[in-house]
Amino acid sequence: MVGFIEGCDRRQKLLLPDCVDDYVGEDSPVRVVDVFIDELDLSALGFEGAAATGRPGYNPATLLKLYLYGYLNQIQSSRRLEREAGRNVECMWLTGKLAPDFKTIADFRRDNGAAIRATCRQFVTLCRELGLIAGGTVAVDGSRFRAVNTRDKNYTPGAIRRRMEQIDASIQRYLTMLDTADRQEDEVAEFRTERLTERLDGLRRQMRELQAMEQVVEAAPDRQVSLTDPDARAMATHGKGTGMVGYNVQAAVDTGSHMIVAHEVTNFGHDRSQLANMGRQAKEATGADTLTVLADRGYFSGPEVLASEAAGIVPICPKPLTSGAKADGRFGKPDFVYQPESDTYRCPAGNDLIRRFDSVENGLVLHRYWSSNCGGCALKVKCTPSPQRRITRWEHEHVVEAMQARLDRMPDAMRIRRATVEHVFGTIKDWMGRSHFKTRTLPKVGTEMSLHVLAYNIKRAIALLGTSKLIAAMQR
């Protein structure tokens with residue numbers, strides 16, 4: 001057809017072949033990757049040097065560039081990276097037209113986990129030196145990522161019990177069907193009897209396997225066993241019946257630049273023990289003398305708040321409402337005012353609750369308060385069905401009250417937290433194709449997550465500075 005733009009003849013001979021550099025745009029992210037890796041001291045980061053004997057291997061810089069290219073372009077599989085290295089012009093430009101096989105690519109990620117994680121931290125340090133990370137305030141959150149382990153190959157006492165009940169119900173159903181088939185004498189009934197017997201044998205074999213696994217689970221430290229990825233754990237999610245087997249990824253994101261300043265992969269199903277840990281990592285990464293950490297109520301823990309303040313971190317985290325008094329229409333603990341000068345509480349009726357005794361629960365020293373005037377109080381119906389309303393106070397409750405006061409002075413803190421950190425996880429999960437981690441065990445998954453975080457931070461830095469300015473800043 002005529003009248004359209006025509007391309008060149010692919011069989012045409014060229015006197016001077018095209019330069020590969022001409023095919024890579026000046027604002028391409030691969031140019032940032034190339035300069036960043038070339039400016040690193042890979043030996044200091046922990047990458048292995050050249051072998052003294054034998055066939056020369058690939059330069060760690062080449063394989064690291066290839067991996068960063070892959071994670072920037074949603075290509076995390078070593079086999080797909082092998083294909084891209086032989087057909088993608090940007091990838092050829094980046095690696096010098098080298099095309100390692102998939103096993104070499106996969107082994108590099110497996111054998112250089114600590115060095116790859118150090119490279120991720122090095123880019124955060126670079127961004128801090130360039131002024132992209134202001135520090136001061138970070139938002140912390142955790143998100144569940146799926147592991148290479150199906151729910152059918154994850155065993156807990158509850159899961160084993162449910163599966164045994166299902167198998168037992170199936171056995172009873174097949175026995176009933178077998179009795180019905182035995183009362184018939186045609187060939188179809190004989191065939192059905194044989195088939196039902198095979199299924200019953202299979203169900204009984206499954207029951208024996210579950211009974212053996214039940215003993216293994218009971219002997220496990222956390223009473224949980226995953227067969228495919230031994231470090232993966234069952235994670236609860238908000239939807240009913242939507243739990244997953246995976247990892248809990250923690251991230252601290254700078255509220256100014258929205259860059260990930262610290263991250264960690266855990267296999268705990270909750271966030272309660274991560275506030276001080278992530279705060280300390282973020283403080284070290286940003287170099288701030290004092291750091292404000294915004295977190296949701298899932299992070300609340302009195303000892304964690306106390307540890308954070310001891311480390312120079314200012315936490316802002318809402319306290320969950322665990323008392324059922326408010327739900328029943330009675331006064332809650334916030335309705336009782338603590339009076340530090342007399343170490344008493346003043347109730348809504350104006351009576352003082354006196355400190356009666358101390359106790360230790362779960363390693364925490366707790367003070368108990370109550371009044372002797374509850375019996376004749378006119379507000380007792382709205383207060384407690386017990387003879388006295390008792391209030392419990394932790395010995396370091398003042399740090400929690402100070403945190404609540406900070407939250408009251410910053411009413412938009414949780415909105416800032418959501419806008420800062422939650423989209424980060426959504427972006428990374430989209431890059432993963434809403435799929436699972438490609439690697440197994442906690443250290444390897446941590447390495448894989450560091451590559452995701454490094455790719456995210458590189459894209460974020462390019463969005464903030466632009467390719468040319470970022471390259472010029474790295475080369476200074």
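Above this text is the structure in question.
Residues numbered from 1 in each chain as written. Predicted model: local features only at pLDDT ≥ 70, side-chain atom pairs only at ≥ 80, totals over all residues. Heavy atoms only, no water.

J.: Tell me about the overall build of the protein, and name the residues and values.
T.: Along its length, the protein carries 15 helices and 13 strands. For 476 residues, the compact-globule estimate of 2.2 N^0.38 gives 23 Å, and the C-alpha radius of gyration of the protein, at 30 Å, exceeds that figure by more than 25%. With respect to the principal axes defined by its C-alpha atoms, the protein has extents near 105 × 85 × 60 Å. When burial is assessed residue by residue, the protein has 44% of its 476 residues classed as buried. The long-range share in the protein, meaning contacts at least 24 apart out of those at least 6 apart in sequence, stands at 67%. Across the protein, the mean location of the 66 positive side-chain charges is 4 Å away from that of the 61 negative side-chain charges. (Helix = DSSP H or I, 4+ residues; strand = E, 2+ residues; numbered from the N terminus. Rg over C-alpha atoms; globule rule 2.2 N^0.38 Å. Buried < 20%, exposed > 50% of the residue type's maximum accessible area, 1.4 Å probe, protein only. Contact = heavy atoms within 4.5 Å. Lys, Arg positive; Asp, Glu negative; His and termini not counted. Charge placed at Lys NZ, Arg CZ, Asp CG, Glu CD.)

J.: How would you sum up the pattern of salt bridges? Please name residues and give values.
T.: Here the structure, examined in full by the defined rule, presents 23 salt bridges. Note that Arg31 is salt-bridged to Asp21, the shortest N-O span being 3.1 Å. Here Arg31 is found in helix H1 (residues 29-38), whereas its partner Asp21 is found in the segment before H1, with 10 residues between them in sequence. Taking relative accessible area as the criterion, Arg31 reaches 11% and is therefore assigned buried. Across the pair Lys65 and Asp38 runs a salt bridge, and its minimum N-O distance is 2.9 Å. Of the two residues, Lys65 sits in helix H3 (residues 60-72) while Asp38 sits in helix H1, which places them 27 residues apart along the sequence. Exposure remark for Lys65: the relative accessible area of 8% places this residue in the buried category. (Salt bridge = Lys/Arg side-chain N within 4 Å of Asp/Glu carboxyl O.)

J.: Go over helix H13 (residues 413-431), please, and point to the residues and values.
T.: Its 19 residues place the ends of H13 28 Å apart at the C-alpha level, agreeing with the 27 Å of an ideal helix rising 1.5 Å per residue. For H13, the principal kink sits at Ala419 and spans about 25 degrees. Listed in full, the buried residues belonging to H13 are Ala413, Met414, Arg417, Thr420, Val421, Val424, Phe425, Ile428, Lys429 and Trp431. Immediately beyond the C-terminal end of H13, within one or two residues, lies Gly433, with a positive phi of roughly 75 degrees. (Expected span 1.5 Å × (residues − 1). Bend = angle between axes of the 7 residues up to and from the residue.)

J.: For unusual backbone geometry, give the residues involved together with the corresponding values.
T.: Here the phi dihedral of Asn362 falls at roughly 55 degrees; this positive angle occurs in a residue that is not glycine. Mapped onto the elements of the fold, Asn362 is located in the loop between strand E11 (352-361) and strand E12 (364-370). Judged by its relative accessible area of 80%, Asn362 falls in the exposed class. Phi at Thr441 is positive, roughly 75 degrees, even though this residue is not glycine. Along the chain, the position of Thr441 falls in the loop between H13 and helix H14 (442-465).

J.: Before we move on, could you go through the sheet that holds strand E9 (residues 337-339) and cite the residues and values that matter?
T.: Strands sit in the order E9-E10-E11-E12-E13 across an open sheet of 5 strands; the sheet is antiparallel. Bordering the open sheet on either side are E9 and strand E13 (391-394), each of which pairs with just one other strand. The average undirected angle you get between the axes of adjacent strands in this sheet is 35 degrees. Where E9 and strand E10 (residues 344-346) come together, 3 bridges link them in antiparallel fashion. Opposite Gln339, over in E10, you have Thr344 as the bridge partner. Here helix H12 (residues 397-409) sits on the sheet and contacts E9 and E13; the angle it forms with E13, its principal contact strand, is near 90 degrees. (Pairing = 2+ DSSP bridges. Axes fitted to C-alpha atoms, helices over the stretch in contact; angles between N-to-C directions.)

J.: Can you lay out a nonpolar patch on the surface for me, pointing to particular residues and giving the numbers?
T.: A surface patch of nonpolar side chains, about 250 Å² in accessible area, is lined by Val20, Tyr23 and Val89. Following the sequence through the fold, Val89 ends up in helix H5 (residues 89-95). (Patch = residues over 30% accessible without salt bridge, like charges linked within 9 Å, V, L, I, M, F, W, Y side chains within 5 Å. Areas by Shrake-Rupley, 256 points an atom, 1.4 Å probe, with all protein chains shown as cover.)

J.: Give a detailed account of the nonpolar core, specifying residues and quantitative values.
T.: Judged by nonpolar contacts, the single largest core of 92 residues is most densely connected at Phe36, Phe123, Val261 and Ile458. A total of 10 residues in this core trace back to one element, the largest contributor, which is H14. Membership of the second largest hydrophobic core comes to 16 residues, among which are Tyr155, Leu178, Ala220 and Val225. (Core = buried A, V, L, I, M, F, W, Y, C linked by side-chain atoms within 4.5 Å.)

J.: With reference to specific residues and values, describe the packing of aromatic side chains.
T.: Under the counting rule described, the total for this entry stands at 12 aromatic pairs. Look at Tyr247 and Phe437: their rings are 6.2 Å apart centre to centre, the planes differ by 70 degrees, and that puts the pair in the edge-to-face class. With Tyr247 in strand E5 (residues 244-254) and Phe437 in the loop between H13 and H14, the pair connects residues that are 190 residues apart, well separated along the chain. Neither Tyr247 nor Phe437 differs from the other in exposure class; each is buried. Ring plane angle 80 degrees and centroid distance 5.1 Å describe the contact between Tyr345 and Tyr369, whose orientation is recorded as edge-to-face. (Phe/Tyr/Trp six-rings, centres within 6.5 Å; stacked < 30°, edge-to-face > 60°.)

J.: Go over the state of the cysteines with me, naming the residues and quoting the values.
T.: Here the structure, examined in full by the defined rule, presents 0 disulfides. Residue Cys127 stays outside any disulfide, its sulfur separated by 9.9 Å from that of Cys120, the closest cysteine. Residue Cys127 is classed as buried on the basis of its relative accessible area of 0%. For Cys374, which is in no disulfide, the shortest distance to another cysteine sulfur is to Cys383 and amounts to 6.1 Å. Overall, Cys374 belongs to the buried group, its relative accessible area being 13%. (Disulfide = S-S within 2.5 Å.)

J.: Account for a positive patch on the surface, naming residues and giving values.
T.: A cluster of basic residues, Arg79, Arg80, Arg83 and Lys438, forms a positive patch on the protein surface. As for its position among the elements, Arg79 is in helix H4 (residues 78-87).

J.: Explain H3 to me, using residue names and the numbers behind them.
T.: Taking 1.5 Å of rise per residue, 13 residues should cover 18 Å, and H3 covers 18 Å from first to last C-alpha, within 8% of that figure. Taken across its 13 residues, H3 has 13 buried, putting it largely inside the fold. The N-capping residue of H3, defined by a side-chain oxygen 2.9 Å from the backbone nitrogen of Ala61, is Asn59. Trailing H3 by a residue or two, Gln74 shows a phi angle of about 60 degrees, which is positive. (Polar contact = N/O pair within 3.5 Å; in protein donor to acceptor, adjacent residues only side chain to side chain.)

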